[in-house]
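Summary of structural features
One letter stands for each residue in the lines below.
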Amino acid sequence: MTTYSVPVIIVGGGLVGLSAALFLNRQGISYLLAERHSRTSIHPRARGFNLRTMELYRNLGLEQAIREAGASLSKSKGMYTAETLAAAELDLPQNGVPESTLRLMNPFVPNDDISPTRGNRCTQDGVEPLLLQAARDRGGDLRFSTELRSFRQDRDGVTAELVDRATGTASTVRARYMIAADGAKSPVRQALGISMTDEYSHGFLINIYFQADLRDMVQGREFSICNIMHPEATGMLVAINNSDRWCFHAPYDPRAESPEDYTPERCKELIAKALGFTGLDIQILSVLPWEAAEGVAERFQAGRVFLAGDAAHVMPPTGGFGANTGVQDAHNLAWKLAAVLRGHAGPGLLETYENERRPVARFTAKQAGLIAANSMLSLFKGRTEGTLANVLVTAMGYRYKSTAVLASDECEAPQDQPEFHAAPGTRAPHVWVGHRSGRISTLDLFERSFVLVAGPDGAPWRIAADTARKRLGIGIEVYLLGPDGDLSDPDGLGQEAFRLSPGGAVLVRPDGFVAWRSDGVTDDHEQELVPALVQILSRESGGHSTQDV
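Thresholds applied
Residues numbered from 1 in each chain as written. Predicted model: local features only at pLDDT ≥ 70, side-chain atom pairs only at ≥ 80, totals over all residues. Heavy atoms only, no water. Helix = DSSP H or I, 4+ residues; strand = E, 2+ residues; numbered from the N terminus. Contact = heavy atoms within 4.5 Å. Pairing = 2+ DSSP bridges. Salt bridge = Lys/Arg side-chain N within 4 Å of Asp/Glu carboxyl O. Buried < 20%, exposed > 50% of the residue type's maximum accessible area, 1.4 Å probe, protein only.

**Remarks on the environment of Leu-22**
Residue position: Leu-22 is located in helix α1 (residues 15-26). Separated by 309 residues in sequence, Leu-22 and His-331 have C-alpha atoms that sit 9.2 Å apart. Those residues in contact with Leu-22, other than ones at most four positions away along the chain, are Leu-60, Leu-62, Leu-131, Ala-134, Ala-135 and Arg-138.

**Some details on the sheet that holds strand β23 (residues 505-508)**
Spatially, the seven strands line up as an open sheet ordered β19-β18-β22-β21-β20-β23-β24, and their pairing is mixed. Both edges of this open sheet fall to β19 (438-441) and β24 (514-518), since each of them pairs with a single strand only. Pairing between strand β20 (residues 450-454) and strand β21 (residues 476-482): five bridges, direction parallel. If you follow Phe-450 over to β21, its bridge partner there is Ile-476.

**Side note on the pattern of salt bridges**
For the structure shown, the criterion picks out 23 salt bridges. In this structure, Arg-67 and Glu-63 form a salt bridge, with 3.1 Å as the shortest nitrogen-oxygen distance. Pair noted here: Arg-67 and Glu-63 are both in helix α3 (residues 63-69), with a separation of four residues, about one helical turn. The partner of Arg-165 in a salt bridge is Glu-147, and the shortest N-O contact between them spans 3.5 Å. With Arg-165 in the loop between β8 (158-164) and β9 (170-180) and Glu-147 in strand β7 (residues 146-153), this pair connects stretches of sequence that are 18 residues apart. The exposure class of Arg-165 is partly exposed, given its relative accessible area of 43%. Bridged by salt links that share partners, the residues Arg-36, Glu-147, Arg-149 and Arg-165 form one connected network.

In structure tokens:
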């Protein structure tokens, strides 16, 4: 039996697993990814990526490719309700949907003041092949048709038994850590005995992916969702390419019927009634049962195994949060694994993954459920207790609280609008600044190492950062932000966004979140910065430490 040794094994080659692979690669960490299926998803599933997720893909150099893959969905903005698609008034804007509902349910609206990019509509089956190819091009070890049969862990690592489903060949992988991105029914989570909490069901549905040429009907009248109220074909019609690919979500009662009852013939009949057209050539591409459920794993970490994506949380699709939350899980975890594997951080840093991401998952799942229960999408019914937050707060305006964040207050992030003013625990602000001979977003500075953004009089922070590099063995970059700084900010917009005093500084983690800030009123910059980094990295001391990966 062949035995492999890698720093990290990723179980699951869907959207979250592939994103984790790319984030680890960006941090210089090798991995092996095992996916039981022979290829990426053939079902559209998720249909959009919000502002924060697109920022992450932008930093991976994949923004343009994803936009091109989703070009056919770029006009899909309308949400309608009608007995059939033929009866829908697609020429009317939003067909009576309240503007407040639209704002709450649209995480893809442009926000040029807070981000260098914008959300993008693209189906999951269109994005996954792009991520897979990018991971392969960057040297990743990605094995499809490879199933995790068993695993065990000890104090030093995880031993996984894999089998090639095409050949039956078995192999053993020894890894320091494992990421379980193996879906809502996660065998890894079940093997660990981790239960789901906050469980609530908004109903069961059959997702029918079908082909039917509707271009003559929708050209120039493109829509995102049409809520079908036909008495014999109630459901939700969802655009996939605004041409000949669509999904129809039909509610069903698992106590009275099973997914097997939805034969191709029955599915064609449902769709024909829902569309309201005769003589259409309808082809069923796939049928997928699913539950519009809320649930969060009671733990995101068990020893050296970490849950991410649907393995860690499930939520209704309303708001488009599910896949995005999973991608952001992987991003939060990747730099922490890299820091520990290199010996730059203590294992306590890994505990902050659960401390930071689990509260975000609970809040986001609840928001998705509230949107479902309060929106025009009548397929989703349920509890309505709670306050609907601004969609951008849910998508990216959350605030981390953990030992990897040094905050002087315990205030909560506001729910009515996102705030990006470099408060510890929040995503660092985006500002366009001059750098060298061009213009960049401040977000372009992050992702690979710690970054210290200092005010125009912050030169002493360079010396402090140099000391931190030598004592702790870590990477840390320093930029002065001001009219004549490394980051040219002639109008003071950057200083205002970062709330920087002339001698102050903001420390940004490799994931782009603020870890600590100082007003600069100190005689010993080193004595401020080095202890802060020691705590953030869960180091037992300020001594130098390195470790090969």
